[in-house]
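# Fold and contact review
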Amino acid sequence: MPPADTGASTVVVDASAPSSPVITSRAAAADAHERLEPGRPGYRRMSFALFAAGVAAFALLYSTQALLPAISAAYGASAGQASWTVSAATGALALCVLPLSALSERFGRRQMMTASLAVAVLVGMLVPLAPSIGWLIALRAIQGAALAGLPASAMAYLAEEVRPKALIAAIGLFVAGNSIGGMSGRILTGWVAQLWGWRAALAAVGLLAVACAVAFHFLIPKARNFRPGSLNPKALARTVATHLGNPLLVRLYAIGALFMTVFGAVYTVIGYRLVEEPFSLPQGVIGSIFLVYLVGTVSSAAAGRLVARLGRRGALYLAVSTTAAGLLLSLGDRLASVLLGLVLITAGFFAGHAVASSSVSRTATTGRAQASALYQSAYYLGSSAGGTLGAVAFHTGGWAATVVLGLLAVLGVVSITLYGTRVARAERRALVPATR
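Residues numbered from 1 in each chain as written. Predicted model: local features only at pLDDT ≥ 70, side-chain atom pairs only at ≥ 80, totals over all residues. Heavy atoms only, no water.

### Here's the deal with the packing of aromatic side chains
Rules: Ring geometry is summarised as follows: Phe, Tyr and Trp rings, the Trp one being its six-membered ring, pair when their centres sit within 6.5 Å, and such pairs are stacked at plane angles under 30 degrees, edge-to-face over 60 and tilted between the two. A run of DSSP states H or I qualifies as a helix once it reaches four residues; a run of E qualifies as a strand once it reaches two. Both are numbered from the N-terminal end. In this scheme, a residue with accessible area under 20% of its type's maximum is buried, one over 50% is exposed, and one in between is partly exposed, where area comes from a 1.4 Å probe on protein chains only.
Taken as a whole and judged by the stated rule, the model has 10 aromatic pairs. For the pair phenylalanine 263 and phenylalanine 349, a centre-to-centre distance of 4.0 Å together with 10 degrees between the ring planes defines the contact as stacked. On the criterion of sequence distance, the pair formed by phenylalanine 263 in helix H11 (residues 247-275) and phenylalanine 349 in helix H15 (residues 335-363) is long-range, its members being 86 residues apart. Note on phenylalanine 263: relative accessible area 3%, which makes it buried.

### So, the environment of lysine 222
Test applied: Only heavy atoms matter for contacts: two residues are in contact if any of them lie within 4.5 Å across the pair.
Along the chain, lysine 222 turns up in the loop between helix H9 (198-219) and helix H10 (233-244). Considered as a pair, lysine 222 and glutamate 161 are 61 residues apart in the sequence and their alpha carbons are 9.6 Å apart. Look past the residues within four positions of lysine 222 in its chain and what remains in contact with it is Arg110 and Tyr157.

### So, the pattern of salt bridges
Here is the rule we go by: One side-chain nitrogen of Lys or Arg within 4 Å of one carboxyl oxygen of Asp or Glu is enough to make a salt bridge.
Going through the model one piece at a time under the given rule, you end up with 2 salt bridges. Residue aspartate 333 is joined to arginine 273 by a salt bridge in which the shortest nitrogen-to-oxygen separation is 3.8 Å. Separated by 60 residues along the polypeptide, aspartate 333 in the loop between helix H14 (303-329) and H15 and arginine 273 in helix H11 bring together distant segments of the chain.

### Considerations on empty space enclosed by the protein
Put simply, the rule reads: Only protein atoms enter the 1 Å grid used here, on which a cavity is any set of points holding a 1.4 Å probe that cannot leave and a pocket is any open set flanked by protein within 12 Å on both sides along at least five of seven lines; residues with an atom within 4 Å of a point are listed as lining. Grid points are joined across faces, edges and corners, and a volume is the space filled by probe spheres set on the points. Note on residue classes: Ala, Val, Leu, Ile, Met, Phe, Trp, Tyr, Cys and Pro are nonpolar, Asp, Glu, Lys and Arg are charged, and everything else, Gly too, is polar.
A full pass over the atoms with the stated rule returns 2 cavities of 30 Å³ or more. Taken as a whole, the largest cavity holds about 90 Å³ of empty space. The wall of the largest cavity is formed by 14 residues, among which Phe58, Pro151, Phe174, Asn178 and Tyr380 lie closest to the centre. For the lining of the largest cavity, the elements supplying multiple residues, two or more each, are helix H2 (43-61), helix H7 (151-161), helix H8 (167-196) and helix H16 (368-435). For the lining of the largest cavity, the per-class residue count stands at 11 nonpolar, 3 polar and no charged. A volume near 50 Å³ is recorded for the second largest cavity. Leu60, Ser63, Gly124, Val127, Pro128, Gln143, Leu202, Val205 and Gly206 together form the lining of the second largest cavity. Taken together, the residues that form the lining of the second largest cavity break down as 5 nonpolar, 4 polar and no charged.

### Looking at the nonpolar core
The test is simple: In plain words, nonpolar cores are sets of buried Ala, Val, Leu, Ile, Met, Phe, Trp, Tyr and Cys residues tied together by side-chain atoms within 4.5 Å.
Formed by 114 residues in total, the largest nonpolar core has its most connected members in Met46, Leu50, Leu158 and Tyr267. The leading source of residues in this core is H11, at 16 residues. Beyond its immediate chain neighbours, meaning those up to four positions away, tyrosine 267 contacts Gln65, Phe290, Val292, Tyr293, Leu342 and Thr346. Ranked by size, the runner-up nonpolar core spans 13 residues in total, among them Ile71, Ala130, Val192 and Trp198.

### Regarding helix H3 (residues 68-75)
Put simply, the test is: The directions considered for the arc are those from the helix axis to the C-beta atoms.
Every buried residue belonging to H3 is among Leu68, Pro69, Ile71 and Ser72, and all of these are buried. Buried residues of H3, seen end-on, are gathered within an arc of 165 degrees and therefore sit on one face of the element. Among the structural elements, helix H4 (79-107), helix H6 (133-147), H9 and H11 are those in contact with the buried residues of H3. Remark: glycine 76 follows H3 within two positions and exhibits a positive phi of approximately 65 degrees.

### Let's talk about unusual backbone geometry
Trans peptide bonds make up the majority, and among non-glycine residues the majority have a negative phi. Geometrically, the link from glutamate 277 to proline 278 is a cis peptide bond, its omega value of 5 degrees lying close to zero. Positionally, proline 278 belongs in the loop between H11 and helix H12 (283-288). Look at serine 280: it is not a glycine, yet its phi comes out positive at around 50 degrees. The residue serine 280 is located in the loop between H11 and H12 in this model.

### A short note on H15
Residue pairs spaced three or four apart in an α-helix point in one direction, given the helix's 3.6 residues per turn. This is how it is decided: Helix span is expected to be 1.5 Å times the residue number reduced by one.
With 29 residues, H15 should cover 42 Å at 1.5 Å per step; its first-to-last C-alpha distance of 42 Å lies within 8% of that length. With 22 of 29 residues buried, H15 lies mostly within the body of the structure.

Here it is, written out as structure tokens:
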């Protein structure tokens with residue numbers, strides 16, 4: 001599969017580049033141990049394990065999102081205040097993902113993912129007991145910080161344990177688990193809240209996450225290509241600086257953040273829109289709206305085929321076009337129009353995320369955990385910004401203002417990708433005289 005093609009030629013870090021925070025021998029380890037790929041022992045177990053981890057992570061991370069109208073009513077909070085039960089979790093994850101990814105370099109990807117899930121599940125059982133909106137936001141922030149050890153460690157684990165030609169498909173399955181988690185958590189909370197209240201709904205999500213965490217623990221294969229080392233803060237800073245000095249990686253980080261800004265804004269606010277006129281839907285039906293996440297499962301798992309057919313930039317253009325079309329359709333006052341808009345937004349977002357995140361893993365040849373962690377930080381900062389700004393926009397200008405916010409973020413993705421395309425063409429033209 002060709003190198004990352006999302007806006008410039010691939011930047012390969014050579015031997016003179018700053019080292020990882022730990023001294024590892026990933027290339028040697030990869031030669032010594034055959035990597036996983038479809039049809040080989042362990043690949044299916046790994047796929048199911050990371051799928052379960054993705055389900056648990058997204059179900060917990062966004063457990064309050066479908067319940068925001070009920071939480072607002074219970075605590076007498078505004079949409080902006082209630083949105084912080086989502087933004088605090090994603091913001092804490094964004095801040096903690098880099099330091100926890102550094103710990104995974106010392107203690108192992110598998111161990112970090114297991115510990116993250118365990119702590120997040122434990123906090124998840126306390127969340128339904130929050131006596132005030134302040135306590136709920138604080139517990140959600142702790143939960144998000146705990147989950148920070150999972151995403152970057154998962155990406156690094158896949159990059160080390162899976163053959164490069166199967167990497168996008170493997171990451172697509174992990175992202176598909178995210179979409180299933182987001183969908184099942186929201187549907188579960190919607191119907192349970194309608195029957196027994198929002199606290200019972202959060203408890204149900206916690207039990208779902210417990211089951212997924214247990215499945216992950218028993219299914220995930222041991223890492224064969226990871227070599228631990230001692231932590232080195234100065235080397236970590238050099239690695240981070242190297243990644244942030246890579247123009248392609250910076251563009252990928254920005255693309256991930258902008259895609260998630262759209263997604264965070266739409267799904268934070270949609271419950272408030274559907275509970276009002278002209279829809280006036282009950283909580284259970286609003287939760288069922290999130291069945292459209294199944295579209296995200298399909299589009300993220302198909303990202304590898306899209307890239308093979310259209311190239312990475314072509315796949316990104318298709319993703320942003322689909323997202324923009326969905327935003328415009330969602331402006332309609334008919335439920336069918338809103339649902340079709342959500343389908344297109346979800347499909348475009350998950351396809352774009354799968355392409356961008358896998359491109360990060362392919363581009364960074366050293367310090368992969370830190371490269372993935374920086375992507376996850378940008379991604380979840382985009383989620384926090386989208387959730388908060390989307391709620392503010394909805395409060396001041398209604399759904400149309402939220403759509404405008406999403407379209408501005410989509411325009412940002414298009415601009416970044418077009419700029420990268422021009423840079424790549426200029427680089428190719430500059431190489432032509434040297435090859436004659």
